[in-house]
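# Structural overview for review
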Amino acid sequence: MYEPLTWTLVGLSLAAMVFAIVLAGLDRRINWTLLAVLGVVEVALVAQLVVGIVQFAGTEREVSGGFFFGYLVGALLILPLGALWALAESSRWGAGALAVACFVIPVLELRMHEIWTA
């Protein structure tokens, strides 16, 4: 995997998580700023999917393709689902649900890194 992209995704996702937690703590709904950050993360996740497919096709290593692609696609789906949930929930728990979705991204990224380097 392309490590700078992985660590950028981890950092951006954690920053978005903190922002969502602050909004939940202030009893506010998510806002356009947070959605813009999530959009940047999602674009980076699409780029990671493309890079992951290209690198997987050219690797000689033993990489579990099913798990690797499952994590790539799963990471791509988590934020849109979390954002839809957050937009549908009119209380602070919408931002809380989005914070959990933002936390899942670094977990998936670190697991993909582990699968790739193993």
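From a predicted model like this one, the values you see are computed outputs, not experimental measurements.

## A word on the overall build of the protein
Secondary structure assignment for the protein yields four helices and zero strands. Secondary structure elements of the protein, listed N to C terminal, follow the sequence α-α-α-α. Relative to the globule expectation of 13 Å for 118 residues, the C-alpha radius of gyration of the protein, 15 Å, shows essentially globular dimensions. If one aligns the C-alpha atoms of the protein with their principal axes, the spans along those axes are about 50 × 20 × 20 Å. Within the protein, the fraction of its 118 residues that count as buried is 39%. Considering only intrachain contacts with a sequence separation of at least 6, the fraction spanning at least 24 residues in the protein is 78%.

## Here's the deal with the UniProt feature "transmembrane region" (unreviewed entry) in the protein
As annotated by UniProt and renumbered to match this structure, "transmembrane region" (unreviewed entry) occupies residues 7-26, 32-54, 66-87 and 93-110. Taken end to end, residues 7-26 has its terminal C-alpha atoms 29 Å apart, with 95% of it in helix and 0% in strand. Along residues 66-87, the helical share is 100% and the strand share 0%, with 32 Å between the first and last C-alpha atoms.

## So, the packing of helix 1 (residues 3-25) against helix 2 (residues 32-57)
The N-to-C vectors of helix 1 and helix 2 enclose an angle of 155°; their axes lie 10 Å apart at closest approach. Taken together, the axes of helix 1 and helix 2 are roughly antiparallel relative to one another. Crossing of helix 1 over helix 2 shows left-handed handedness. Side by side, helix 1 and helix 2 meet where Leu5, Thr6, Leu9, Leu12, Ser13, Ala16, Phe19, Ala20 and Leu23 of the first sit next to Thr33, Leu34, Val37, Leu38, Val40, Val41, Ala44, Leu45, Ala47 and Gln48 of the second. Taken together, the residues that form the contact of helix 1 with helix 2 break down as 15 nonpolar, four polar and no charged.

## Overview of the environment of Val104
Here Val104 lies in helix 4 (residues 92-117). Along the chain, Val104 and Thr33 lie 71 residues apart, while their C-alpha atoms are 20 Å from each other.

## Here we look at the packing of helix 2 against helix 3 (residues 65-88)
At a closest axis distance of 10 Å, the pairing of helix 2 and helix 3 adopts a crossing angle of 165°. Classed by the angle they form, the pair helix 2 and helix 3 counts as roughly antiparallel. As for how helix 2 packs across helix 3, the hand of that crossing is left-handed. In this structure, helix 2 contributes Leu35, Leu38, Val41, Glu42, Leu45, Val46, Gln48, Leu49, Gly52, Ile53 and Phe56 to the contact, and helix 3 contributes Gly65, Phe68, Phe69, Leu72, Val73, Ala75, Leu76, Leu79, Pro80, Ala83 and Leu87. Here the residues of the contact of helix 2 with helix 3 are counted per class, giving 18 nonpolar, three polar and one charged.

## A closer look at helix 2
When the terminal C-alpha atoms of helix 2 are compared, their 37 Å separation across 26 residues agrees well with the 38 Å that a helix rising 1.5 Å per residue should span. Listed in full, the buried residues belonging to helix 2 are Leu34, Leu38, Val41, Glu42, Ala44, Leu45, Gln48, Leu49 and Gly52. Elements that come into contact with the buried residues of helix 2 comprise helix 1, helix 3 and helix 4. N-cap assignment for helix 2: the residue whose side-chain oxygen lies 3.3 Å from the backbone N of Thr33 is Asn31.

The rules behind these values
- Residues numbered from 1 in each chain as written.
- Predicted model: local features only at pLDDT ≥ 70, side-chain atom pairs only at ≥ 80, totals over all residues.
- Heavy atoms only, no water.
- Helix = DSSP H or I, 4+ residues; strand = E, 2+ residues; numbered from the N terminus.
- Rg over C-alpha atoms; globule rule 2.2 N^0.38 Å.
- Buried < 20%, exposed > 50% of the residue type's maximum accessible area, 1.4 Å probe, protein only.
- Contact = heavy atoms within 4.5 Å.
- UniProt positions renumbered as here; feature names shortened; annotations may be inferred.
- Axes fitted to C-alpha atoms, helices over the stretch in contact; angles between N-to-C directions.
- Parallel < 35°, antiparallel > 145°, perpendicular 65-115°, else oblique.
- Left-handed = near helix turned anticlockwise from the far one by under 90°.
- Nonpolar A, V, L, I, M, F, W, Y, C, P; charged D, E, K, R; others polar.
- Expected span 1.5 Å × (residues − 1).
- Polar contact = N/O pair within 3.5 Å; in protein donor to acceptor, adjacent residues only side chain to side chain.

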